[in-house]
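# Close look at the chain arrangement
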Amino acid sequence: MEHLAADADADRTADLTARVRDLMTGVRSDLEALTRIPSVSLDSFDQRHVDDSAQATADLLRAEGLDVRIVREGGRPAVIGHRDGPPGSPTVLLYAHHDVQPPGAQEDWDTPVFEPTQVGERLYARGVADDKAGIMAHVAALRAHGGRPPVGVTVFVEGEEEVGSDSLPTILQQHGESLRCDAIVLADSHNWKIGVPALTTTLRGMVRVVVEVRALEHGLHSGLYGGVVPDGLTALCRLLATLHDEAGDVAVPGLRTSEAADLDFTEEDLRADAGLPEGVRPIGTGSLLSRMWTRPSLTVIGIDAPSVDTAANLLTPVGRAKLSMRLHPEEDPATAAEALRTHLLEHAPWGCRVDVEVVDDGAGFAADARGPVYDVARSAFRDAWDGVDAVDIGVGGSIPFVAAFAERFPDAAILVTGVEDPDTRAHAANESLHLGEFERVCVAEALLLERLAATGHDGDHDE
């Protein structure tokens, strides 16, 4: 009997895999159409495109038989779709986001920014991987089941993940009951490498601040007063230089740190994945993965300053910078923000006035990746990747939704999956999607929905 059951399982797996592969031409076409919408959620871009992207996402879900609505709680539009499963089946929440990062300079791209272009095995465009491929992985899984998934399905596609998810707490408060579930699949991470799937079990938290250093009330002639009067930009540079020690480790005291999982990752791997130029050394101490996953980092991501081409011969009164700090997965963001603020104030150079504004923050995430939901996820990945086992990885980036949802629904198992790989270059120029890996992601999610039906949840969701 066990032999017959195993044969039946293998037949269902082969049939579902074949169905997904037959659907991929249409899935790719819809992905390309969605990617052509320049849905950059940053305020300085036209937000009508974000509205268009929400509508296009809603149309895709509606076509698969979901009851769909677009919700807006003080921010960009999110899309919520739902379809009941068979009686007694669990409910699975599928998450992605339809907003994208700014494109950057066109001259940095080898292909048109918002026109998906295939080069070799990869499809290039802003948002094609982060995270519109995540949306289409969910759509592909629904299509593979003919619009009748074996579990209840709720799809939540956020519209402001790239700008901090400010309205997410209100969405969870106002629409939390419609998002209640037994398991969550977040398609917004990456796999270990081409041909090796991964489950993301830790995410770093984050804090973003703007620091302003004021040395003068107005500009002064640099020849008349230079050498005796400080200027805001030089003072800012000296302050920013205190954030790291000589090795490149973060010098802000009191931040949490720990060692990451011991996976095989060499400096050669880092150089290949990051495109680190010859002669530039990695910064920090400890294992490479710990530096990327479980130790804090501090990055200057923006500076307000006169441009080189237009700069006057002047002592600039004020310097401003935006800092991005990534945190240990279990660090409290408020505590970390206060530690950073204290450090900046205590290191104010030459008596200059320092002001620190916390722009946004988000908690990290650490999963207990055990239990039946994780077991079936690993089996689905193994079959989709032709017998290759998934590895548990950390990610240095932050997904605010994960911590917020884990707090709202602590009993739901959270699976952080993804469509990206080390060559994706999410957020950078020449973002791309590996088409072969994308197909495997779609197969894995279709198999996962089928196998989650047997995990034993009864569909009741008590608060």
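For the structure given in this document, a descriptive report is provided here. (Residues numbered from 1 in each chain as written. Predicted model: local features only at pLDDT ≥ 70, side-chain atom pairs only at ≥ 80, totals over all residues. Heavy atoms only, no water.)

## A word on the overall build of the chain
For clarity, the threshold we go by: Counting from the N terminus, the helices are DSSP H or I runs at least four residues long and the strands are E runs at least two residues long. Residues are treated as being in contact if the distance between any of their heavy atoms lies within 4.5 Å. Computed with the Shrake-Rupley method and a 1.4 Å probe, the accessible areas treat only the protein chains shown as cover for residues.
What the chain contains, in helices and strands, is 12 helices and 18 strands. Along the three orthogonal principal directions, the C-alpha set of the chain runs to about 90 × 50 × 45 Å. A separation threshold of at least 6 residues defines the contact pool for the chain, and within that pool the share at least 24 residues apart is 81%. As displayed, the chain has an accessible area near 20,300 Å², and 49% of this comes from carbon and sulfur atoms.

## Focus: the sheet that holds strand β4 (residues 117-119)
Let me state the cut-off plainly: Pairing between two strands is assigned when DSSP locates at least 2 bridges connecting them. To define axes, lines are fitted to C-alpha atoms, for helices over the stretch in contact only, and angles between the resulting N-to-C directions are given on a 0 to 180 degree scale.
Ordered in space as β4-β5-β18, the three strands form an open sheet in which the pairing is antiparallel. Where the open sheet ends on each side, the last strands, each with one partner, are β4 and β18 (432-434). Strand-to-strand twist of the sheet, defined as the mean angle between neighbouring strand axes without regard to direction, takes the value 30°. Summarising the sheet, strand β5 (residues 122-124) and β18 pair through three bridges and their orientation is antiparallel. Along β18, the bridge assignment pairs Tyr124 with Ser432.

## Quick notes on helix α4 (residues 168-179)
Formally: One fewer than the residue count of a helix, multiplied by 1.5 Å, yields its expected span. In this scheme, a residue with accessible area under 20% of its type's maximum is buried, one over 50% is exposed, and one in between is partly exposed, where area comes from a 1.4 Å probe on protein chains only.
Compared with the 16 Å implied by 1.5 Å per residue over 12 residues, the 12 Å span of α4 between its first and last C-alpha is markedly short. Among the residues of α4, Leu168, Ile171, Leu172, His175, Gly176 and Leu179 are the ones counted as buried.

## Describing a nonpolar patch on the surface
Under the convention used in this document: In this analysis, a patch consists of residues with relative accessible area above 30% that form no salt bridge, clustered at 9 Å for like charges and at 5 Å for the nonpolar side chains Val, Leu, Ile, Met, Phe, Trp and Tyr. A carboxyl oxygen of Asp or Glu within 4 Å of a side-chain nitrogen of Lys or Arg is what we treat as a salt bridge.
On the surface, a nonpolar cluster with roughly 340 Å² of combined accessible area is contributed by Leu224, Tyr225 and Val228. Locating Tyr225 in the fold gives a position in helix α5 (residues 222-225). Look at Tyr225 and you get partly exposed, because its relative accessible area is 38%.

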